[in-house]
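Notes for the structure review
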Amino acid sequence: MLGVFVRHPGVLFIFVLLFSVIFGRLAYADSVTLKDGSRLIGTVTALKGDVLSLKTGYAGDLKIPVGDIVGIATDDVVTARFVGGDYLSGRLTAAYGGSLQILPVRGGAPVTVVLSEISEIWRGSERPTGLVWSGNLNIGAAVHSGNTDSKSFHIDASTVARAEKDRIRARAEFNREADSGLRTEDNFTVAAQHDRFVSGQRLFFYTSGKLENDDIAQLDLRTTLSTGLGYQFIESERTNLSVEAGPAFIMEQFANSPNEESIAGRWAVIADHYVWKRRLQMFHRHEGTVDVENSDDILIDSSTGLRVFVQDGLNMTLQLDADWDRNPPAGVSSLDKRYLLTVGYKW
């Protein structure tokens, strides 16, 4: 064999070239180490939520649960987005036991992170610059005849547009119900909010506005304008949790009572979490105001529920809405509860 290389230098050159290409690619390929000790070689294309995508030449595209991974190493630069919203670009090196080391592309000491703190990974150092939209639409209706003659209809929609420093949220809801021809529920809510993130993508300033109407509660229109501070504890594909607080200005127009204006304190809690893969999600939204001059004037608006995903974004939602007015107009109940079963789509 050696004699062939000596007599034909071109053969030796081709052999060395092939050896370098084949084994060089193996040496510089990405690797994923699993809990059972096995090591998968390929190209890490993305990590999103609880799944890492690995492109291989021997088994195609593999989808690996993050919970099965103890180490990741990449040959090229990737960008990691953390649960809190921060970004870091660099090469990943294996730091086993559920941890990773990121060698920053801009230099500096390696950064050790826990894999569970990363919500997303993609190749390259580019970061999203435009708005990324998501949202959902839900519809519910019921018709009863015979001993009870009633009809009800519900529709709600919400959307979120997210950029690196900004977030826009909007939602709308409409409810109507009639029993034996008598209207027992008729209301709508429209709300919008802008969040501007500072200080490591967790702290944000918000500006919000909300319009509410409830004919049964004799409320022609309630307008709530607010600004203040919020904190995003978690922001990921699986879990989101934020709180807000600040002053608010409230204007109320009633059908049979004098109009009212007040300065209030506002607070809000928004949370959602996938409790089982991407099939079962629980959520809670809670917003309240209290008049700074009359602590008995408290308004609370909340929604709590479970969302079951049937296929892709198609889902069914079981939801409880509870609105509480500590000081309602005469003849109006202070607590208004609504149980909903809806069909919807989330994108």
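Residues numbered from 1 in each chain as written. Predicted model: local features only at pLDDT ≥ 70, side-chain atom pairs only at ≥ 80, totals over all residues. Heavy atoms only, no water.

Quick look at the overall build of the chain
- The helix and strand inventory of the chain stands at 3 helices and 22 strands.
- When the 347 residues of the chain are sorted by exposure, 38% land in the buried category.
- Intrachain contacts of the chain at a sequence separation of at least 6 include 46% that bridge at least 24 residues.
- A total accessible area of about 19200 Å² is found for the chain, and carbon and sulfur atoms account for 61% of it. (Helix = DSSP H or I, 4+ residues; strand = E, 2+ residues; numbered from the N terminus. Buried < 20%, exposed > 50% of the residue type's maximum accessible area, 1.4 Å probe, protein only. Contact = heavy atoms within 4.5 Å. Areas by Shrake-Rupley, 256 points an atom, 1.4 Å probe, with all protein chains shown as cover.)

Re the pattern of salt bridges
- Under the defined criterion, the tally for this structure stands at 24 salt bridges.
- For Glu287, the salt bridge goes to Arg171, with nearest N and O atoms at 3.7 Å. With Glu287 in strand 19 (residues 280-291) and Arg171 in strand 13 (residues 166-179), this pair connects stretches of sequence that are 116 residues apart.
- Judged by relative accessible area, which is 10%, Glu287 ranks as buried. (Salt bridge = Lys/Arg side-chain N within 4 Å of Asp/Glu carboxyl O.)

A word on the environment of Val275
- Relative to the helices and strands, Val275 resides in strand 18 (residues 260-276).
- Val275 gets classed as partly exposed once you look at its relative accessible area, which sits at 36%.
- Taking C-alpha positions, Val275 is 9.8 Å from Leu306, a pair spaced 31 residues apart along the chain.

So yeah, pure geometry; function would need other evidence.
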